[in-house]
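So the chains spell out like this:
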Amino acid sequence: VFYFDDKIYYYDAALDEDDDEYQIYVFSADVDGGNVSIVSPEVTEMPTYQTVIVYGEYLIYSDFNGGICVKKPNGEKIDLYSEYSAMTQIQFVNDSYVYYTECEYSASLLGSNVYHSLWRVDLNGENRECIIEKQKHSSFDFNAVCFGEKMIVFAPKKIVVYNSDFSKYNEYDYGSFGLDEIEQICVYNNTMAISGWVEDNSSIKTLVYNVTGELVFEQ
């Protein structure tokens, strides 16, 4: 479930009365479950990484097997990414750009590697740009958030903080935050909450920061 402007958004199936088959859509509803309605065109199949973002009057959502779609204010649907053979994940929307990651996996007798890259494209499907070139990591975990004037990438075993034009960055390990592994990241109302495992995955620790980087809550 995704929450924007006092509405929740989620994927579900609805019966198509014309051919008596179920089709998948993005739905919206009030937080009490009322006023349920379909807000997207038909989704091909249930996405691997389900993501819905409401940005002004735009609806950005993931489609099956790596597709990224946007529904414009006039109801037109645009495929921002439709090379369904790749694994992609929507990360965030900022300044009318959709930021997403591509993931490639390779395996051999010598082991396996996961390669991540970060891209952005505008809401019209134009001005596509690679922000972070392919990087080799040890797992599929690779997430980015926009926070204040920074972009923060949570990669396996490290956190990378970029400035607004991506020309400079600083790297930190999870130990700097007293965490062994990140479990969840949430940005809301100028605060960022990070929850992760500590003490050999025996307990969860939650840290909340404001946009100046000050720790305002810890549990």
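Report follows, based on the coordinates. What you see is a predicted model; the values in this text were computed from it and never measured.

1. Some thoughts on the overall build of the chain
Item 1. Check the secondary structure of the chain and you find zero helices and 20 strands.
Item 2. Radius of gyration (C-alpha) of the chain: 19 Å, near the 17 Å computed for a compact globule of 219 residues.
Item 3. Each principal axis of the C-alpha distribution contributes one length, and for the chain these read about 55 × 45 × 35 Å.
Item 4. Here the chain, with 219 residues, has 40% of them falling under the buried criterion.
Item 5. Counting contacts in the chain only where the partners sit at least 6 residues apart, residues at least 24 apart contribute 27% of the total.
Item 6. Accessible surface, the chain: about 12,600 Å² in total, of which carbon and sulfur atoms supply 45%.
Item 7. Of the side-chain charges in the chain, 13 are positive and 37 negative, and the distance between the mean point of each set is 10 Å.

2. Some words on the packing of aromatic side chains
Item 1. Within this structure, the stated rule accounts for ten aromatic pairs.
Item 2. Plain terms: the ring middles of Tyr 162 and Tyr 169 are 5.3 Å apart, the flat faces sit at 40° to each other, and that makes the pair tilted.
Item 3. With a centroid separation of 6.5 Å and an interplanar angle of 75°, the aromatic rings of Tyr 172 and Phe 177 are classed as edge-to-face.
Item 4. Joined through ring pairs, the aromatic side chains of Phe 92, Tyr 99, Tyr 162, Phe 166 and Tyr 169 make up one cluster.
Item 5. We note Arg 120 situated over the ring of Tyr 97; from NZ or CZ to the ring centre the distance is 4.4 Å.

3. Focus on a negative patch on the surface
Item 1. Together, Glu 17, Asp 18, Asp 19, Asp 20, Glu 21 and Glu 42 make up a negatively charged patch on the protein surface.
Item 2. Following the sequence through the fold, Asp 19 ends up in the loop between β2 (7-16) and β3 (21-30).
Item 3. A relative accessible area of 40% places Asp 19 in the partly exposed class.

4. A few points about the pattern of salt bridges
Item 1. This model, assessed by the stated rule, comprises seven salt bridges.
Item 2. Measuring nitrogen to oxygen at the nearest pair gives 2.8 Å for the salt bridge that ties Asp 30 to Lys 7. Placement of the pair is Asp 30 in strand β3 and Lys 7 in strand β2, with a sequence separation of 23 residues.
Item 3. Since its relative accessible area comes to 19%, Asp 30 is described here as buried.
Item 4. We note a salt bridge from Glu 218 to Lys 205, for which the minimum N-O separation is 3.3 Å. Of the two residues, Glu 218 is situated in strand β20 (residues 215-218) and Lys 205 in strand β19 (residues 203-210); the sequence distance between them amounts to 13 residues.
Item 5. Residue Glu 218 is classed as partly exposed on the basis of its relative accessible area, which comes to 46%.
Item 6. Among the residues examined, Lys 205 registers a relative accessible area of 18% and is labelled buried.

5. Brief notes about a nonpolar patch on the surface
Item 1. Together, Tyr 3, Val 31 and Tyr 188 give the surface a local cluster of nonpolar side chains, amounting to about 320 Å² of exposed area.
Item 2. You can see Tyr 188 is positioned in strand β17 (residues 181-188).

6. Points about the side chain of Ser 40
Item 1. Here Ser 40 lies in the loop between β4 (37-38) and β5 (52-55).
Item 2. Reaching out from Ser 40, the side chain makes a polar contact with the backbone nitrogen of Val 26 at a distance of 2.9 Å.
Item 3. Residues within four places of Ser 40 in sequence aside, it is in contact with Tyr 25, Val 26, Leu 59, Tyr 61 and Lys 71.

7. Some remarks on the sheet that holds strand β8 (residues 77-81)
Item 1. An order of β5-β6-β7-β8 is seen for the four strands of this open sheet, with the pairing classed as antiparallel. Single-partner strands in this sheet number two, and they are β5 and β8. Between one strand axis and the next, the sheet turns through 20° on average, direction left out of account.
Item 2. Pairing of strand β6 (residues 58-62) with strand β7 (residues 68-71) involves four bridges; the strand directions are antiparallel. Counterpart to Ile 60 in the pairing with β7 is Val 70.

Conventions adopted
- Counting of residues starts from 1 at the beginning of each chain's written sequence and follows it residue by residue.
- Only residues with pLDDT of at least 70 get local features here, since the model is predicted, and only at 80 or more are side-chain atom pairs given and counted; chain-wide, interface and lining totals rely on the full set of residues.
- Note: side-chain values were computed over all heavy atoms of the structure, leaving out hydrogens and water.
- Secondary structure elements are defined from DSSP: runs of H or I of at least 4 residues count as helices, runs of E of at least 2 residues count as strands, and each element is numbered from the N terminus.
- Atoms considered for the radius of gyration are the C-alpha atoms alone. The globule rule reads 2.2 Å times the number of residues to the power 0.38.
- Under the scheme applied here, a residue whose accessible area is under 20% of the maximum for its type counts as buried, over 50% as exposed, and between as partly exposed, the area being computed with a 1.4 Å probe on protein chains only.
- For this analysis, residues touch if any pair of their heavy atoms sits within 4.5 Å.
- Residue-level accessible areas treat just the shown protein chains as cover; the underlying method is Shrake-Rupley with a 1.4 Å probe.
- Positive charges come from Lys and Arg, negative ones from Asp and Glu, while His and the chain ends are left out of the count.
- Every charge is mapped to an atom, namely NZ of Lys, CZ of Arg, CG of Asp or CD of Glu.
- Think of it this way: a Phe, Tyr or Trp ring, Trp meaning its six-membered ring, pairs with another when their centres are within 6.5 Å, and the plane angle makes it stacked under 30 degrees, edge-to-face over 60, tilted otherwise.
- Two thresholds decide whether a charge sits over a ring: the Lys NZ or Arg CZ must be within 6 Å of the ring centre and within 35 degrees of the ring normal.
- Nonpolar side chains (Val, Leu, Ile, Met, Phe, Trp, Tyr) within 5 Å and like charges within 9 Å form the patches, drawn only from residues with over 30% relative accessible area and no salt bridge.
- Only one rule defines a salt bridge in this text: a Lys or Arg side-chain nitrogen within 4 Å of an Asp or Glu carboxyl oxygen.
- The term polar contact refers here to a pair of N or O atoms within 3.5 Å; inside protein, the definition further demands a hydrogen-donor-capable atom paired with an acceptor-capable atom, and it admits residues adjacent in sequence only when both atoms are side-chain atoms.
- Here, any two strands with at least 2 DSSP bridges between them count as paired.
- Note on method: axes are straight lines fitted to C-alpha atoms, helices fitted across the in-contact stretch only, with angles between N-to-C directions ranging 0 to 180 degrees.

By themselves, these are just geometric observations and shouldn't be taken as functional.
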